[in-house]
Amino acid sequence: MENCTYPPYFNLTMFGNIGNYRYPAFVLCLLLYACIISANLVIIVVISREKTLHEPMYIFVMCLSINSLYGSAGFFFRFLRDLLSDTHLIPRSACFLQIHVIYTYASYELTILGIMAYDRYVAVCQPLHYHIKITSKMVSKLVAFAYVYPAFSIAACVYLSSRLPLCGNTIPKVFCATWPVVKLSCVSIVINDLVGRFVSISTVFLPLAFVLYTYVRIILLCRKRSSKFRSKVIQNCLPHIITFVNYSITAFCDVALSRIDLENLNPFLAVILSLEFVVIPPIVNPVVYGLKLPEIRKCLSRMLSCSKHDRQTKSHRVAVFSLNLLCYCFIVLVNVSLIVTII
């Protein structure tokens, strides 16, 4: 298989570093995935049900939660299965599909954060023009662009990678990634490198630069205003800043890992750093926005409280039903995993 030009399978070698810890790791990761689903579903349900939250800022927060569910599903389904398996071979088609899902998740995250930065910039620096510029039609266009452009650009990179003849099938990660696959190529990768650089600049560095630019403008404006105005701006922008910094750090770790020799790192450190990129943002984002944004926090409190008011009662029933459904799904997943383990 090592000499095959188009190997039918790829071998994810980093699972070998987990060894006898795979069963505790499976239970821990399953609980973590259940928390990710629960936290993001709560944010989605609250924003979609509460009419007071049908504003651009909260719509973008809901988009982040949807993207977290999308990215974590693309990673955890295969990862949990591989944890219980003795062999860690992933079919070629499944590998490239996972690459597309994980990298579009990453691109969506950055483009949505860029749109949220623009929303905050207009709200703080141009408040009188906010409702003129940030209309429902504009929100729809921005969200559509945030999803459509990364999907096609990442698809182009994945297609070019899939066309490369390979001199091996070993990927030193716990999930499929573009650069480890491209490094296995038997031919020149100049075109792949150029396209990859263009996509990286347009979907990663431009959104990052735009977010930094907007916050520089906001900081310069806050220096000239009152302390009350600054505290209000900090309250509204702090969740977005935390999310942006958190995602930037985890993305940097993933990029750095793809460029170094993982065999020189501690095995457990290498696995943990590999997981940061697809685990930490989906669990941190809903917690940050749920706790820091007062409107979402108030709606969550109403849903969790047992009031006699009809509206609050219905919201509470929905929350209980969602919790019971998640518990049922968790029990099913645990039982399936036990059956797979016994077999």
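Scroll up to find the structure.
All residue numbers here refer to positions counted from 1 along the written sequence of the relevant chain. Under the rules for a predicted model, residues below a pLDDT of 70 receive no local features and side-chain atom pairs below 80 are neither given nor counted, while totals for whole chains, interfaces and linings still include all residues. For side-chain calculations, the full set of non-hydrogen atoms in the structure is used, while hydrogens and water are omitted.

J.: What is the right way to read the packing of aromatic side chains from this model?
T.: Aromatic ring pairs are reported here in terms of the distance separating the ring centres and the angle at which the planes meet. The pairing test for Phe, Tyr and Trp rings, Trp by its six-membered ring, is centres within 6.5 Å, and the orientation test on the planes gives stacked under 30 degrees, edge-to-face over 60, and tilted for anything in between. Throughout the structure, instances matching the rule amount to 10 aromatic pairs. Plain terms: the ring middles of Phe75 and Phe76 are 5.1 Å apart, the flat faces sit at 75 degrees to each other, and that makes the pair edge-to-face. Its relative accessible area of 0% is what places Phe75 among the buried residues. For every residue, the accessible area obtained with a 1.4 Å probe (protein chains only) is divided by the maximum for its type, and the residue is called buried under 20%, exposed over 50%, and partly exposed between those limits. Given a relative accessible area of 1%, Phe76 falls into the buried group. Aromatic side chains Phe75 and Phe79 sit 4.8 Å apart centroid to centroid with 20 degrees between the ring planes, which places their arrangement in the stacked category. Residue Phe75 and its partner Phe79 are both found in helix H2 (residues 56–84); the two are separated by 4 residues, about one turn of the helix. Within the aromatic cluster, the residues linked to one another by ring pairs are Tyr33, Phe75, Phe76, Phe77, Phe79 and Phe175. Secondary structure elements are taken from DSSP: a helix is a run of H or I of four residues or more, a strand is a run of E of two residues or more, and numbering for both begins at the N terminus.

J.: Got a minute to help me understand the pairing of strand E1 (residues 9–12) in this structure?
T.: In the case of a regular strand, side chains alternate between the two sheet surfaces. What you see with E1 is a clean split: Phe10 and Leu12 sit on the buried side and Tyr9 and Asn11 on the side with no burial. Here, strands pair whenever DSSP counts at least two bridges between them. Summarising the sheet, E1 and strand E3 (residues 170–171) pair through 2 bridges and their orientation is parallel. Among the inter-strand pairings, Asn11 is bridged to a residue of E3, identified as Thr170.

J.: Would you take a moment to explain the sheet that holds strand E2 (residues 89–91) for this structure?
T.: Note on sheets: strands pair through backbone hydrogen bonds, and any given pair is parallel or antiparallel. The strand order across the open sheet built from 3 strands is E2-E1-E3, with neighbouring strands paired in mixed fashion. If you trace the sheet from one side to the other, it starts and ends with E2 and E3, each paired once. Should any heavy atoms of two residues lie within 4.5 Å, those residues are considered in contact. Axis definition: a line fitted to C-alpha atoms, over the contacting stretch in the case of helices. Angles run 0 to 180 degrees between N-to-C directions. In the packing of helix H3 (residues 92–125) onto the sheet, contacts are made with E1, E2 and E3, and the angle to E2 comes to roughly 85 degrees.

J.: Help me understand the packing of H2 against H3 in this model?
T.: Each pair of packed helices can be summarised by the angle the axes make with each other and by the distance between the axes. One way to put it is that H2 packs onto H3 with a least axis distance of 9 Å and a crossing angle of 165 degrees. Considering their axes alone, H2 and H3 lie roughly antiparallel with respect to each other. For the element pair H2 and H3, the recorded crossing hand is left-handed. The residue makeup of the contact of H2 with H3, split by class, is 16 nonpolar, 7 polar and 4 charged. The cut-offs work like this: below 35 degrees is roughly parallel, past 145 is roughly antiparallel, 65 to 115 is roughly perpendicular, and the gaps in between are oblique. A crossing counts as left-handed when the near helix is turned anticlockwise from the far one by less than a right angle, and as right-handed when that turn is clockwise. For this classification, the nonpolar set comprises Ala, Val, Leu, Ile, Met, Phe, Trp, Tyr, Cys and Pro, the charged set comprises Asp, Glu, Lys and Arg, and every other residue, Gly included, is treated as polar.

J.: Please clarify how a nonpolar patch on the surface should be interpreted in this entry.
T.: A patch is a set of surface residues, each over 30% in relative accessible area and not in a salt bridge, joined within 9 Å for like charges and within 5 Å for the nonpolar side chains Val, Leu, Ile, Met, Phe, Trp and Tyr. Surface exposure here means Shrake-Rupley accessible area, sampled with a 1.4 Å probe, where a residue is shielded only by the protein chains that are shown. Salt bridges are defined as contacts in which a side-chain nitrogen from Lys or Arg sits within 4 Å of a carboxyl oxygen from Asp or Glu. A contiguous nonpolar patch, built from Ile234, Leu238, Ile241, Ile242, Val245 and Ile249 and spanning about 450 Å² of accessible area, is present on the exposed surface. Here Ile242 shows up in helix H8 (residues 227–259). Owing to a relative accessible area of 30%, Ile242 belongs among the partly exposed residues under this scheme.

J.: In this structure, what is going on with helix H5 (residues 136–162)? I would like to understand it.
T.: Every α-helix winds through 3.6 residues per turn, so residues three or four apart in the chain are directed the same way. With 27 residues, H5 extends 39 Å from end C-alpha to end C-alpha; this agrees with the ideal 39 Å at 1.5 Å per step. Three or more residues of H5 are buried, namely Val139, Leu142, Val143, Ala146, Pro150, Ala151, Ser153, Ile154, Cys157, Val158 and Ser161. Looking at the packing, one finds that the buried side of H5 touches H2, H3, helix H6 (178–182) and helix H7 (190–222). To estimate the expected span of a helix, count its residues, drop one, and scale the result by 1.5 Å.

J.: Help me out: how do you make sense of the side chain of Asn67 in this one?
T.: Residue placement: Asn67 occurs in helix H2. For this analysis, a polar contact is any N or O atom pair within 3.5 Å, provided that within protein one partner can donate a hydrogen and the other can accept it, and provided that sequence-adjacent residues contribute only side-chain to side-chain pairs. Engagement of the side chain of Asn67 in a polar contact is seen with the side chain of Glu109, the distance being 2.9 Å.

J.: When you look at the environment of Val143 in this model, what are you seeing that I'm missing?
T.: If you trace the backbone, Val143 turns up in helix H5. Judged by relative accessible area, Val143 falls into the buried class, the value being 18%. Contacts of Val143, omitting those with residues within four sequence positions, involve Phe60, Cys63 and Ile115.

J.: Explain the state of the cysteines here, please?
T.: We call a pair of cysteine sulfur atoms a disulfide whenever their separation is within 2.5 Å. Tallying each qualifying case throughout the model produces 2 disulfides. Each disulfide pairs two cysteine sulfurs, and for Cys95 the partner residue is Cys176, the sulfurs being separated by 2.1 Å. With the S-S bond torsion at -125 degrees, the cross-link from Cys95 to Cys176 turns out left-handed. Here Cys95, found in helix H3, pairs with Cys176, found in the loop between E3 and H6; they are 81 residues apart in sequence, far enough to count as distant. Judged on exposure class, the residue Cys95 and its partner Cys176 are both buried.

J.: Looking at this structure, I do not really get the nonpolar core. What am I missing?
T.: Within soluble globular proteins, side chains that are nonpolar generally end up buried alongside one another. Grouping buried Ala, Val, Leu, Ile, Met, Phe, Trp, Tyr and Cys residues that are joined through side-chain atoms within 4.5 Å yields what is termed a nonpolar core. Counting residues in hydrophobic clusters, the biggest one holds 85 residues, and the most contacted among them are Phe10, Phe75, Phe76, Phe79 and Ile296. Here this core gets 16 residues from one element, more than from any other, and that element is H3. Sequence-distant contacts of Ile296, that is, excluding residues within four places in its chain, are made with Ile43, Ile47, Leu53, Tyr58, Val61, Tyr289 and Gly290.

It is worth stressing that arrangement in space is one thing and function is another; only the former is reported here.
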